[in-house]
Each structure stands twice: as C-alpha cells, then as structure tokens.
Amino acid sequence: MKANIIMTSQISAAYLRGLIDFLRLRNIDTERFLDRYNVNEAMIENFQARIPVENFNQMLYEASDLTGDNDIGLHVGEQIKPNQYGVLGLSIMNCKTLEEAVQRHTRYENLVCNVAMSCYQVKGDQVELTWDTCAPEATRHIAEENVASWITFARWISGTDLSPSSIQFQHHKPDNTAEHARIFRCPVRFEGDRVRVIFPASFLKLSSKLCAHLAER
C-alpha cells in the first residue's frame, strides 16, 4: 500500500500559483523554470491538471537555491490565496465558521493533493489537527508550506490574527527558526512522529468573515 501511495502522490498544478508568484516578485524567469518540469501557465490555470508531488518538492528546492531563501516553503505558504485551492478554496470561502472550514478541508483535500491525510480531534479545550503522510517526497519545504498556508488561510477567513498553541514537524530543526517564530508565533517542535497543529477549541466557533462578506454582496 505504501508503495502505491508513493507512486501516485500528486498535487493540483494550480497549487503552483503561489510559488510562481513568489518567484516573479524576485525577477526569476518563471517560464524557463516551469519548462524544466514540463509545466506551463495553461496547466496552472487548469484545476484538473496534476503533477507528481516529487516534482513540486524539486521545484521548491530549486526555487530555494535560485532565491537564496532557505525558508521557501514558509514564505510561499504565507502568501496563499483561495484560488490556489481551486474548487476546494471556493467551497471553504463559503463556510460559516472555522470549524466548518476545517471539516470541509479534511474531507475534500484530495481534490488538491493526495500526498497525506488530514484529520482533527478535539481534546478538552484544544484541537489537534494532524497531517499524516507516508510519502517520502513530502519533505521539509512541502510540510512547512502546507502548515503556513493553513495558518494564513485561517487568519484570512476568520478576520483575526490568531496563532496556534503549538506546531510539530517531522523534519530536523533548521539552523535558523526565526521565520517560524515570526509566522507562527507559537512554540514549534521538530523531529516528531507526524505534523501537528494544536490550537484552542474556541477557534472553531470563529465566524468566517469571508462568508459574511459574500452574503452582503
């Protein structure tokens, strides 16, 4: 079963939008960059198109080398936009609460990427949101991009500057974690058994400001 997951792990080509926008801001020739991976702008605009997660991982590491940004995953995730999630992003925008958004994301995340499975569990006054993967190509930059996008999206749809209680990653601790501290503003642990985001259960009841805005229009 694991071998099958490794062979078929894919991500929506639309998810590359954040990385490409990031590179353009740094004057990188994105057309040439994409061409090396047999990807073009038409694919990125096509929410049905998929690319191997291994390729996305290679893109992130190449982008890190091109820009000299050792925290490329964090920075791409920090500038996430709903349209990068395609139909899933638009669906989440219509959720009334953060809990509904989390439920919808964990249920339909395979529409964007099938590299891992997310689930959440309420434990007392805290919620544990896990991202469980057995695909080895989901390395540091992908994990950090994923969690940074979660936090950014949660802040955006709730209209609050919320921060988790703690975060745990599976990869080794980087030499410099200043950007982790700036973006997450909570304790961050490394070399755990899986990716975990712990946050107050009260966050689940936060109303979606995006949904309210859409209803007013």
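Just above, that's the structure.
(A) Main features of the overall build of the chain. Scanning the chain from terminus to terminus reveals 11 helices and 7 strands. Counting all 217 residues of the chain, 52% fall into the buried class. Pairs at least 24 apart in sequence give 68% of the contacts found in the chain among residues at least 6 apart. Counting every atom, the chain has about 10900 Å² of accessible surface; 51% of that belongs to carbon and sulfur.

(B) Examining the environment of Arg 140 more closely. In this structure, Arg 140 sits in helix H9 (residues 140-158). For the pair Arg 140 and Asn 57, spaced 83 residues apart in sequence, the C-alpha separation works out to 8.9 Å. Excluding its chain neighbours within four sequence positions, the residues that come into contact with Arg 140 are Tyr 61, Asn 70, Asp 71, His 171, Pro 174 and His 180. Reaching out from Arg 140, the side chain makes a polar contact with the side chain of Asp 71 at a distance of 2.7 Å.

(C) Representation of the packing of aromatic side chains in the model. The final tally for this structure, using the stated rule, is 6 aromatic pairs. For the pair Tyr 15 and Phe 56, a centre-to-centre distance of 6.0 Å together with 65° between the ring planes defines the contact as edge-to-face. Of this pair, Tyr 15 sits in the loop between strand S1 (10-12) and helix H2 (17-25) while Phe 56 sits in helix H5 (residues 53-67), and the two are 41 residues apart along the sequence. Like Phe 56, Tyr 15 is buried. Judged by centre distance (5.9 Å) and plane angle (25°), the ring pair of Phe 169 and Phe 190 falls under stacked. Here Phe 169 is found in the loop between strand S5 (166-168) and helix H10 (178-184), whereas its partner Phe 190 is found in the loop between strand S6 (188-189) and strand S7 (195-200), with 21 residues between them in sequence. The pair Phe 169 / Phe 190 is uniform in exposure class, with both members buried. Joined through ring pairs, the aromatic side chains of Phe 169, Phe 184 and Phe 190 make up one cluster. Stacked on the ring of Phe 22, the Lys or Arg Arg 26 has its end atom at 3.6 Å from the ring centre.

(D) Region of interest: the packing of H5 against H9. Here H5 crosses H9 at 90°, and the two axes come no closer than 9 Å. One finds that H5 runs roughly perpendicular with respect to H9. Residues Val 53, Phe 56, Asn 57, Leu 60, Tyr 61 and Ser 64 of H5 lie in contact with H9, whose contacting residues are Arg 140, His 141 and Ile 142. Here the contact of H5 with H9 is composed, by residue class, of 5 nonpolar, 3 polar and 1 charged.

Definitions and cut-offs
- Residues numbered from 1 in each chain as written.
- Predicted model: local features only at pLDDT ≥ 70, side-chain atom pairs only at ≥ 80, totals over all residues.
- Heavy atoms only, no water.
- Helix = DSSP H or I, 4+ residues; strand = E, 2+ residues; numbered from the N terminus.
- Buried < 20%, exposed > 50% of the residue type's maximum accessible area, 1.4 Å probe, protein only.
- Contact = heavy atoms within 4.5 Å.
- Areas by Shrake-Rupley, 256 points an atom, 1.4 Å probe, with all protein chains shown as cover.
- Polar contact = N/O pair within 3.5 Å; in protein donor to acceptor, adjacent residues only side chain to side chain.
- Phe/Tyr/Trp six-rings, centres within 6.5 Å; stacked < 30°, edge-to-face > 60°.
- Lys NZ or Arg CZ within 6 Å of the ring centre and 35° of its normal.
- Axes fitted to C-alpha atoms, helices over the stretch in contact; angles between N-to-C directions.
- Parallel < 35°, antiparallel > 145°, perpendicular 65-115°, else oblique.
- Nonpolar A, V, L, I, M, F, W, Y, C, P; charged D, E, K, R; others polar.

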